[in-house]
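In case you want the letters, here they are:
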Amino acid sequence: MEDLFGKLTLQALPHEWFTIGGAISMTAGGLGAILLLTYLKRWKWLWTEWLTSTDPKKIGVMYITVAVFMLFRGVLDAVLLWLHQVLAGGGQGYLTADHFQQISTAHGVIMVFFVAMGLLFGLMNIIVPLQIGARDLAFPFLNSLGFWLYVAGAILINIFFVFGGEFAATGWLAIAPLSGLEFSPGVGVDYWIWSLQISGLGTLIGGINFIVTILKMRAPGMTLMRMPLFVWTTLCSMILVVSVFPILTMTIILLNLDRLLGMHFFTTGFGGNPMMYTNLIWMWGHPEVYILILPAFGIYSEIVATFSGKRLFGYTTAVVAVVAVTLLSTLVWLHHFFTMGADANVNAFFGIMTMIIAIPTGAQIFNWIATMYKGKIRLTTPMLWFLGFVATFTFGGMAGVMLAIPPIDYQVHNSLFLVAHFHTMAIGGALFGLFAGISYWFPKVFGFKLNEKLGQYAFWCWLVGFFTSFVPLYILGFMGVTRRLDTYDPSTGWQFLFLISLLGAGIIALGIGFQLLQIAVSILKRKENQNTTGDPWDGRTLEWSTSSPPPSYSFAVIPTVDDRDAFWTMKQAGKPISKPIFVDIHAPKNTASGIYISAFALIIGFSLVWHIFWLTVLGFLGVIITVIVRTFNDDTEYTISASEIAKNEEKRGIYG
């Protein structure tokens, strides 16, 4: 039986309340979706129009959809942690210590890898090709493969609810030696390893794809210094991806060799060095923060310029600042472990680098403020998300400068002060930016605006809930509360602050409810909010020159760019657009190869978690055979005829 099923035994199957509940809910949800699609007879539509699509706009929508589902899981985990900490003042709460640590680890991994990265890649897929005047990404098949590898990783991180075992109880970065076999003998760390390894490979493929697309597929006349800021920040973010994700890949491989083959790269004995793991994981981990925040900066730049009715102030300095942040982000990783034995000179260097990186970051805020100065500001929902970001990011940035000072870091290291700071940057910076981008570009993707009133209700709940939740954590950190603390003595007086923090979580949950209601109401009233012009906000960049939603080919004729605000310049010229001579367009065909490869990758990951090695071999063979079959397939494109394009464009009625 061990040869056949490895470590997967009947005792490993779900047997605790949370795994049983997860198994029931996932099974019920899956069956519900199957029954609904069967009843509506939408299986063929789902497969041909979406799942096998190579259209980056549709892939982007699917990225965002999966990320939203993972957001629900991540927020639920956070609420479970908050509730337990409130109840743990003077008692044991309702979670065991081990379960509490598992939820804490899962929350961090899900929110960074499967929520923030999913939303980010979704927006980039939809908008970047449109902003540079391209019809697609450079490698459409690899784009599909990258998405499905991300989905496979998301499935694997949740699959223990169905097949049993547990998740890692090591913190979201699985720091050694805690993540070694000696201290974590179960399969939890292995689930962590392979879910990140599979999704990380998809991220790396996506990073390469976007770099090539931006450098090689820009519209005629679009020089580097005419690119929109969102394209610039995407380029720099993806350069960081291809620079540091290989570090994560190799670090996880070494950790897996320690666990699987008994090697000693990160053990405390036999010549291993746990500090090497800490250095390697943070060499990836801190640039990852900027991988998320840089595109958010680009989103804010687009929004501020549009809703101030002005060109972005200091475009050149903004580009220089983005490049500077990209370079400096690789020189600050050691500030995460000032307390772990480096000498004063090393700590001083990394402390100074951390302070210096705040300069180009702050410069961009001044650029945005200067853009708003004397502008005709429209306080739409995207603009509110930007203003909320300025408040939260400035607040969190000051805490970051404090943490850059080694003596202060010695006092608050590994405390809730650090947790609050990270969440200030991740939520107030990256997540607010992604929400702003979704509300800003939603009418471009679907052809109708989101309900403004409900969107603003959601924003205010998020903003108020955020400060209510995390300001108490700053205070608790000063009071000595360590992170991942599952119980404490009532004499500490901490429970009241934990209760306030839980109240903030409830306000955030109300904000999420308003967001769901906003989407539902907007869909029901889509005819009232419909925008057929393709330019609902009086935009400035090329994506607003196409119809809403854009056709599969995006641009009937690739535009020629003469200015940084390309579409704004075209509109200001006020000249009728002469009807061009349309030509056939060659577009990539749909393909299911990415789904098959990712399914086999999921099998490989699952089998390595449970040491079912015959299944691992089958998974590898499946990947190799599918790749070979795809390689020999020459029928990968179809032609959109010039006459079909002409009919589509005539419906828009934009040609004089």
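Here, every reference points to the structure presented above.
Computed from a prediction, not measured in an experiment: that's the story for all the values here.

Cut-offs used in this document
- Residues numbered from 1 in each chain as written.
- Predicted model: local features only at pLDDT ≥ 70, side-chain atom pairs only at ≥ 80, totals over all residues.
- Heavy atoms only, no water.
- Salt bridge = Lys/Arg side-chain N within 4 Å of Asp/Glu carboxyl O.
- Helix = DSSP H or I, 4+ residues; strand = E, 2+ residues; numbered from the N terminus.
- Buried < 20%, exposed > 50% of the residue type's maximum accessible area, 1.4 Å probe, protein only.
- Axes fitted to C-alpha atoms, helices over the stretch in contact; angles between N-to-C directions.
- Parallel < 35°, antiparallel > 145°, perpendicular 65-115°, else oblique.
- Left-handed = near helix turned anticlockwise from the far one by under 90°.
- Contact = heavy atoms within 4.5 Å.
- Phe/Tyr/Trp six-rings, centres within 6.5 Å; stacked < 30°, edge-to-face > 60°.
- Lys NZ or Arg CZ within 6 Å of the ring centre and 35° of its normal.

### Topic: the pattern of salt bridges
Okay, so step 1: Evaluation of the coordinates by the stated rule reveals nine salt bridges.
Okay, so step 2: Between Lys 571 and Asp 535 there is a salt bridge; the shortest N-O distance is 2.8 Å. Here Asp 535 lies in the loop between α17 (495-524) and α18 (566-573) and Lys 571 lies in helix α18, a separation of 36 residues in the sequence.
Okay, so step 3: Residue class for Lys 571 comes out partly exposed when judged on its relative accessible area of 26%.
Okay, so step 4: Relative accessible area serves as the criterion here: at 16%, Asp 535 is assigned to the buried category.
Okay, so step 5: Between Lys 571 and Asp 538 there is a salt bridge; the shortest N-O distance is 2.6 Å. Of this pair, Lys 571 sits in helix α18 while Asp 538 sits in the loop between α17 and α18, and the two are 33 residues apart along the sequence.

### A closer look at the packing of helix α12 (residues 344-372) against helix α13 (residues 381-403)
Okay, so step 1: Packing of α12 against α13 leaves a shortest axis separation of 12 Å and a crossing angle of 150°. As far as their axial angle goes, α13 and α12 are roughly antiparallel. The element α12 and its partner α13 pack so that their crossing is left-handed. For the pair formed by α12 and α13, the contact residues are Ala 358, Thr 361, Ile 365, Trp 368 and Met 372 on the first element and Met 383, Phe 386, Leu 387, Phe 389, Phe 393, Thr 394 and Val 401 on the second.

### Quick look at the packing of aromatic side chains
Okay, so step 1: Overall, the coordinates contain 53 aromatic pairs when judged by the stated rule.
Okay, so step 2: Centroid distance Phe 147 to Trp 148: 4.9 Å. Interplanar angle 70°. Geometry classified as edge-to-face. Pair check on accessibility: Phe 147 and Trp 148 agree, each one buried.
Okay, so step 3: Its end group placed over the ring of Trp 45, Arg 42 keeps NZ or CZ at 4.3 Å from the ring centre.
Okay, so step 4: The lysine or arginine in question, Lys 58, covers the ring of Trp 50, its NZ or CZ lying 5.6 Å from the ring centre.

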